[in-house]
Each structure stands twice: as C-alpha cells, then as structure tokens.
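# Results of the structural survey
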Amino acid sequence: MSKLVRMDRTGHTTLAEWAADDPASVEAAVQAFREQLDQGYFAMVSTGEGHAEQVKELPVDAPLVILRLPISGG
C-alpha cells in the first residue's frame, strides 16, 4: 500500500493510500495529488538514502510521496 502525505503543522497528514492494482484507489490518489500541486505544494519521492527528487506526476509504484510547501525566506 502506497501513501500520499502532506507535511503540515501536525507533522503530516495522510491524504491518500493506494494499491497499484486498484484503479479506483489510484484515481483518488491522483486527484488528491493534483489538488495539492494546484495549491502550491511540491511533491517529493525518495531516490535512495539521503536523496529525493521532485515529481509532477504521481508515481504509482512509489511507496511514499511527500508533499510540502516551498521553503520561504530571503
């Protein structure tokens, strides 16, 4: 079971869980993913120990996709 989580003030919130072989759960996860991107979140997927990459499409085979807001500052 894969998870889509959003980092927030509570630590994190699980927005969706899906199985690659369950089209309904995948579609719900894709919809939640797109909604968060539209709200300004970035999506990250681990590519190995200490490394991650930003994704713009939900990688259905990823075990965990993390959404976060851009780091502000200046």
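Keep in mind the model is a prediction, meaning the values are calculated, not measured.

### Section: the nonpolar core
Leu4, Trp18, Phe33, Ala43, Leu58, Val65 and Leu67 are the most contacted members of the largest nonpolar core, which has 16 residues in total. Listed by contribution, the elements that provide at least two residues to this core are β2 (11–18), α1 (23–38), β3 (42–48) and β5 (64–68). With five residues, α1 is the single largest residue contributor to this core.

### As for the environment of Val45
As for its placement among the helices and strands, Val45 is situated in strand β3. Separated by 18 residues in sequence, Val45 and Pro63 have C-alpha atoms that sit 8.7 Å apart. Non-local contacts of Val45, meaning those with residues more than four positions away in its chain, are made with His51, Ala52, Glu53, Val55, Pro59, Ala62, Leu64 and Val65.

### A short note on the confidence of the model for the protein
Of the residues in the protein, 96% have a pLDDT of 70 or more, and the chain-wide mean is 94. Element-level pLDDT for the protein is lowest in β3, with a mean of 95, against a maximum mean of 98 in α1.

### Digging into α1
Given a rise of 1.5 Å per residue, 16 residues ought to cover 22 Å, and the 22 Å separating the end C-alpha atoms of α1 matches this to within 8%. If you check which residues of α1 are buried, you get Ser25, Val26, Ala29, Val30, Ala32, Phe33 and Gln36. One face of α1 carries all of its buried residues, which in axial projection span an arc of 165°. Residues of α1 that are exposed and point over 90 degrees away from its buried face: Pro23, Ala24 and Asp38. Summarising the contacts, the buried residues of α1 are in contact with β1 (2–8), β2, β3, β4 (51–55) and β5. Note on α1: the residue one or two positions beyond its end, Gly40, has a positive phi of about 100°.

### A word on the sheet that holds β1
Overall, mixed pairing links the five strands, which are arranged β2-β1-β5-β3-β4 in an open sheet. Each of the sheet's edge strands pairs with one partner strand only, and the pair in question is β2 and β4. Each strand axis lies, on average, 30° off the axis of its neighbour in the sheet, ignoring direction. Sheet analysis places β3 next to β5, joined by three bridges and oriented antiparallel. Bridging from a neighbouring strand, Phe42 pairs with Arg68 of β5.

Rules used throughout
- Residues numbered from 1 in each chain as written.
- Predicted model: local features only at pLDDT ≥ 70, side-chain atom pairs only at ≥ 80, totals over all residues.
- Heavy atoms only, no water.
- Core = buried A, V, L, I, M, F, W, Y, C linked by side-chain atoms within 4.5 Å.
- Buried < 20%, exposed > 50% of the residue type's maximum accessible area, 1.4 Å probe, protein only.
- Helix = DSSP H or I, 4+ residues; strand = E, 2+ residues; numbered from the N terminus.
- Contact = heavy atoms within 4.5 Å.
- pLDDT = per-residue confidence, 0-100.
- Expected span 1.5 Å × (residues − 1).
- Arc of directions from axis to C-beta.
- Pairing = 2+ DSSP bridges.
- Axes fitted to C-alpha atoms, helices over the stretch in contact; angles between N-to-C directions.

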